[in-house]
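Here is what each chain is made of, one letter per residue.
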Amino acid sequence: MNPHAKLISSMSLIMGTSITISSNHWILAWTGLEINTLAIIPLISKSHHPRAIEAAVKYFLTQSTASALILFSSMSNAWSTGQWDITQLNHPTSCLLLTMAIATKLGLVPFHFWFPEVLQGSSLTTALLLSTLMKLPPITLLLLTSQSLNPTLLTFLAISSALIGGWMGLNQTQTRKILAFSSISHLGWMIAIIAYNPQLTILTFTLYTMMTTAVFLSLAQIKVLKLSTMLISWTKTPMLNATMMLTLLSLAGLPPLTGFMPKWLIIQELTKQEMTPTATIISMLSLLGLFFYLRLAYHSTITLPPNSSNHMKLWRTNKTLSTLTAILTATSTSLLPLSPLIITMF
């Protein structure tokens, strides 16, 4: 891809995200979302492979539909209330339309079908952007309007996403699709608590971004796209595979790793809100995700294939990427003892 085109796309992504998360007016927020959509499409289709072109078309169609719904929701709310302020969302139909639109933007169940396919057609770097940075503007809009949205509908979306995200990830063999369903499952946890404790949603999204970035950077360095390749990647970078296993277990939410903290706090908050059945169901559904995280960890480190590999250890690596991966992996596995400090900050 042309460096100038890549620079323009990257700057547009940053600008679109900044516009949306800092805006109070619906039209300005919608403009930021549109800039984001148009900026990521060249990055998805840059390989010119038919699967990449298909992924770009699917992404464009779903995001355009969601943007049109957001615009229609804000216009109908302005028509009935005379307000274009994002926090003044009071019309019931507008609230329902906005929930559907944001669910489509994020890839929440039942609007999730585009997300695994788009990630599968993208490179690992673009898939990382789609799983982390591109989720920030829609989640910001949800945070700003969370007090106006229907809590029952949000709970339904959360439980459905945790169920489908865990269930559909069980039989996948492609690492990008597994991480796509992992993203859907984690979004379910975030949406479950957003109406009751928005700060906890911000904390969960921050930690999820940190852990997912560490996994994607690790996969990019060892060049693994499917589980069969991961089986023979141990001989190339043994240490990186070992730390990636810890990051994957952290994503699964196992103590004493960082990923346990947000799930523990969400279950605690749901119990305080007298939503013990929801907390119980979403906790049980996290076991589905635990299975495929353990399978990834098993393929990366815990087992070695019976046949030897011809791969030699990598003696020359990208130092900047390696340093960033090391920092993110360390924070993705060792922040649990700092929970009281982090809770105080958020």
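Calculation notes
Residues numbered from 1 in each chain as written. Predicted model: local features only at pLDDT ≥ 70, side-chain atom pairs only at ≥ 80, totals over all residues. Heavy atoms only, no water. Core = buried A, V, L, I, M, F, W, Y, C linked by side-chain atoms within 4.5 Å. Buried < 20%, exposed > 50% of the residue type's maximum accessible area, 1.4 Å probe, protein only. Helix = DSSP H or I, 4+ residues; strand = E, 2+ residues; numbered from the N terminus. Domains from an automatic or database assignment. Contact = heavy atoms within 4.5 Å. Axes fitted to C-alpha atoms, helices over the stretch in contact; angles between N-to-C directions. Left-handed = near helix turned anticlockwise from the far one by under 90°. Nonpolar A, V, L, I, M, F, W, Y, C, P; charged D, E, K, R; others polar. Expected span 1.5 Å × (residues − 1). Buried area = accessible area lost by both parts, 1.4 Å probe. Salt bridge = Lys/Arg side-chain N within 4 Å of Asp/Glu carboxyl O. Polar contact = N/O pair within 3.5 Å; in protein donor to acceptor, adjacent residues only side chain to side chain.

### With respect to the nonpolar core
- Counting 91 residues, the largest nonpolar core has Tyr 59 and Leu 130 as the members making the most contacts within it.
- If one sorts the elements of this core by residue count, helix α10 (residues 198-222) sits on top with 13 residues.
- Of the residues that make up this core, three or more belong to each of domain 1 (1-116) and domain 2 (150-345).
- Contact partners of Tyr 59, with chain neighbours within four places excluded, come to Thr 37, Ile 40, Ile 41, Ile 44, Trp 114, Val 118, Leu 130 and Met 134.

### Concerning the packing of helix α9 (residues 175-193) against helix α13 (residues 260-272)
- Viewed as axis vectors pointing N to C, α9 and α13 meet at an angle of 35°, and their least axial separation amounts to 10 Å. Read as a crossing pair, α9 and α13 show a hand that is left-handed. The residues of α13 that touch α9, namely those facing Trp 189, Ala 192 and Ile 193, are Lys 263, Ile 266, Ile 267, Glu 269 and Leu 270.
- The class makeup of the residues in the contact of α9 with α13 is 6 nonpolar, no polar and 2 charged.

### Describing helix α4 (residues 92-106)
- Between its first and last C-alpha, α4 extends 21 Å over 15 residues, near the 21 Å set by a 1.5 Å rise per residue.
- Counted residue by residue, α4 has 11 buried out of 15 residues, so it is predominantly covered.
- Residues of α4 that are buried in the fold lie against α2 (26-44), α3 (50-81), α5 (114-120), α7 (136-145), α8 (151-168) and α9.
- Just downstream of α4 lies Gly 107, where phi reads positive at about 90°.

### What to know about the domain arrangement of the protein chain
- Here the protein chain is described as being made up of domain 1 (1-116) and domain 2 (150-345).
- Averaged C-alpha coordinates put domain 1 and domain 2 at centres separated by 25 Å.
- Residue-level contacts link 11 residues of domain 1 with 14 residues of domain 2.
- In total, about 1100 Å² of surface goes out of reach between domain 1 and domain 2, with carbon and sulfur atoms giving 84% of it.
- Summed over the three residues of domain 1 that lose the most area to domain 2, namely Leu 108, Val 109 and Pro 116, the buried surface amounts to 48% of that side.
- Linking domain 1 with domain 2 are 0 salt bridges.
- For the pair domain 1 and domain 2, the interface holds 1 residue pair in polar contact (both at pLDDT 80 or more).

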